[in-house]
Amino acid sequence: MTPPVKARSGHIILEGRRSYKDLVRIYPEIHKRVVEANRPFMKEAEPLLPEVLLDENLRDLKRDRKPAGYNRQDAAGIRLIFPIPADGRPEFYFYKAFRAQEVVQITEQVSALLRRRSIKHSVEYDRLQLGAVRGLPPGSGLLPPE
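Residues numbered from 1 in each chain as written. Predicted model: local features only at pLDDT ≥ 70, side-chain atom pairs only at ≥ 80, totals over all residues. Heavy atoms only, no water.

(A) Broad picture of the nonpolar core. Counting residues in each nonpolar core, the largest one holds 26 residues, and the members touching the most others are L80, F92 and F94. The dominant element in this core, judged by the number of residues it contributes, is helix α2 (residues 49-62), at five residues. When residues no more than four places from it in sequence are discounted, the contact partners of L80 are Y27, I30, V34, A68, G69, Y70, N71, F92, Y93 and F94. (Core = buried A, V, L, I, M, F, W, Y, C linked by side-chain atoms within 4.5 Å. Buried < 20%, exposed > 50% of the residue type's maximum accessible area, 1.4 Å probe, protein only. Helix = DSSP H or I, 4+ residues; strand = E, 2+ residues; numbered from the N terminus. Contact = heavy atoms within 4.5 Å.)

(B) Just the sheet that holds strand β4 (residues 121-125), in detail. Taken together, the four strands give an open sheet; going across it, the order is β2-β3-β1-β4, and neighbouring strands pair in antiparallel fashion. Only two strands of the sheet have a single partner each, and these edge strands are β2 (79-81) and β4. Direction aside, the axes of adjacent strands within the sheet are offset by 20° on average. In this sheet, strand β3 (residues 91-100) lies alongside β2 in antiparallel orientation, the contact comprising three bridges. The residue bridging I81 from the neighbouring strand is Y93, located in β3. Strand contacts of helix α3 (residues 101-116): β1 (7-14), β3 and β4, with the helix running at about 160° to β3, the strand carrying the most contacts. (Pairing = 2+ DSSP bridges. Axes fitted to C-alpha atoms, helices over the stretch in contact; angles between N-to-C directions.)

(C) Quick peek at unusual backbone geometry. The phi torsion at S118 lies on the positive side, around 60°, for a residue other than glycine. Secondary-structure assignment places S118 in the loop between α3 and β4. Its relative accessible area of 54% is what places S118 among the exposed residues. Although it is not a glycine, D126 adopts a positive phi angle of roughly 50°. Residue position: D126 is located in the segment after β4. Looking at D126, the relative accessible area reads 34%, which means it is partly exposed.

(D) Spotlight on the pattern of salt bridges. Under the defined criterion, the tally for this structure stands at eight salt bridges. Across the salt bridge formed by E91 and R127, the nearest N and O atoms sit 3.2 Å from each other. One end of the pair, E91, is in strand β3; the other, R127, is in the segment after β4, with 36 residues separating them in the sequence. (Salt bridge = Lys/Arg side-chain N within 4 Å of Asp/Glu carboxyl O.)

(E) How the structure looks around the packing of helix α1 (residues 27-38) against α2. Axis separation between α1 and α2 bottoms out at 11 Å; the angle between their running directions is 150°. The angle between α1 and α2 places the two elements in the roughly antiparallel class. The handedness of the crossing between α1 and α2 is right-handed. Residues Y27, P28, H31 and V35 of α1 touch α2, and the partners they reach there are P50, L53, L54, N57, L58 and L61. Partitioned by chemical class, the residues of the contact of α1 with α2 number eight nonpolar, two polar and no charged. (Parallel < 35°, antiparallel > 145°, perpendicular 65-115°, else oblique. Left-handed = near helix turned anticlockwise from the far one by under 90°. Nonpolar A, V, L, I, M, F, W, Y, C, P; charged D, E, K, R; others polar.)

(F) Summary view of α3. Between its first and last C-alpha atoms α3 spans 23 Å; for 16 residues at 1.5 Å apiece the expected length is 22 Å, and the two agree. Inspection of α3 places V103, V104, I106, T107, V110, S111, L113 and L114 among the buried residues, and these make up the whole buried set. Its buried side turned inward, α3 meets β1, α1, β3 and β4. Two residues or fewer after α3 comes S118, characterised by a positive phi angle close to 60°. (Expected span 1.5 Å × (residues − 1).)

Honestly, it's all geometry; don't read function into it.
Written as structure tokens, this is what we have:
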């Protein structure tokens, strides 16, 4: 399948009998790519945050637990999110508040890293269930009368 040009989210779902522990050796490289993608949006007051998050996430992965990811950045930055798996298969995704080429690029780069390590996975884009569009409440005066 050909990846899209832009996406809001790029999902990597581990297949087979894979677990979070399988990501221990490769996670530092994934984390490094996310930090580098967010470098322009970093706040100078938090220079140690990426290293602290890396240590926390590696600790969780070694214990085969769902890590926190990298979800503490500016709205323009890329986030790395580990959702609670609905079907028991570990997954993570890269997310940006708007459709962007960077999401597709980092997803494809990480997928290539996983393939080199023989970690079976699948890749999907824009799979988030964002819910129905919410309108303005009735009686707010901003909707035309019915």
